[in-house]
Amino acid sequence: IKVEYFFENEHIHKIHFVGIGGISMSALAKLCHARGIIVSGADRTQSPILDELKNLGIKIFVGHSAKNVNADCDLLVYTIAVGENNEEILQAKRLGIRTMERSDFLGLIANSFQNVIAISGTHGKTTTCGMLGAIFLTAQKNPTIHIGGECEMIGGNLKIGGDEYFITEACEYKKHLLKLPHNTGVILNIEPDHPDSYKNLQDLHETFDRFCLMSKNLCVINEKYKVLLKDLSLFNHITFGGNTISNFYAKNIRQFRTGKIYLDCYKNNEFYAKIQLNIY
């Protein structure tokens, strides 16, 4: 997978990331670097993430400046946190360089994979993404995993695998989850967390409705929040939760001092499997 193939009739050889120290941005930068793209980036302050990127051979600038952006740059990717008036973004526009916000770029990356699993919800995305990634790795499915945190099993926030499976987080901030094409969508919960991103609760619920409709193959929904969605008949879905009306639910949950959790998993009211979780 090469970013230069994502644009028709264009070759993308060099990308500059503004806000490269962010957990998602740094993973995207590492993915591009691994695919042979020349990557550079800047962030406001020094951090261990910047040290890691620098050790990979990525050119890093500490502090934002128009001087960080050169005319030979093909694309500038920025995080919404830096603001549209960032001097590097303005410099790119002066030089006629294409600019793209992080969520749009993630959507572009996702389009190059055969099966995208998008984990959404107000909280629990990173944990679930890490657990699902661990399952796929153990099953030897060779997934590419883009996670919004540090996961010990994948050695950080990115595991570069094949192009068959891409496991990533779908953030609801500014409705970014609607920019992520996916085959399987997962909704862990639907709770108001970004009042600056939604007009009201109805707007929030309708956004998750649209996310479900985008799921090409399947949407996996927490049974507790299914009542907030109105278009369930329009897409293939299954539910999970702690009660017997869910397609998948848990019984006999036991937690031990070691942190491990044991449970009995039921599928459509029939015993399915005993499961051991090795984390809280």
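Structure report, in brief. Keep in mind it's a predicted model, so treat the numbers as computed, not measured. (Residues numbered from 1 in each chain as written. Predicted model: local features only at pLDDT ≥ 70, side-chain atom pairs only at ≥ 80, totals over all residues. Heavy atoms only, no water.)

Across the sheet, which stays open at both edges, the five strands sit in the order β3-β2-β1-β4-β5 with parallel pairing between neighbours. The open sheet has two edge strands, β3 (59–62) and β5 (98–101), and neither has a second partner. Averaged over all pairs of adjacent strands, the angle between strand axes in this sheet comes to 20°, irrespective of strand direction. Sheet topology places strand β1 (residues 14–18) next to strand β4 (residues 75–78); four bridges connect them, and they run parallel. Counted as the bridge partner of Ile 15 is Leu 75 from β4. (Pairing = 2+ DSSP bridges. Helix = DSSP H or I, 4+ residues; strand = E, 2+ residues; numbered from the N terminus. Axes fitted to C-alpha atoms, helices over the stretch in contact; angles between N-to-C directions.)

Moving on: empty space enclosed by the protein. As enumerated under the stated definition, the model contains two cavities of 30 Å³ or more in all. Of the voids in this model, the largest cavity is the one considered here, and its volume is about 50 Å³. At the level of secondary structure, the elements contributing two or more residues to the lining of the largest cavity comprise α4 (102–110) and β9 (165–170). Counted by class, the lining of the largest cavity contains five nonpolar, two polar and three charged residues. (1 Å grid on protein atoms, 1.4 Å probe; cavity = no way out; pocket = protein on both sides within 12 Å on 5 of 7 lines; lining within 4 Å. Points joined across faces, edges and corners; volume = space filled by probe spheres on them. Nonpolar A, V, L, I, M, F, W, Y, C, P; charged D, E, K, R; others polar.)

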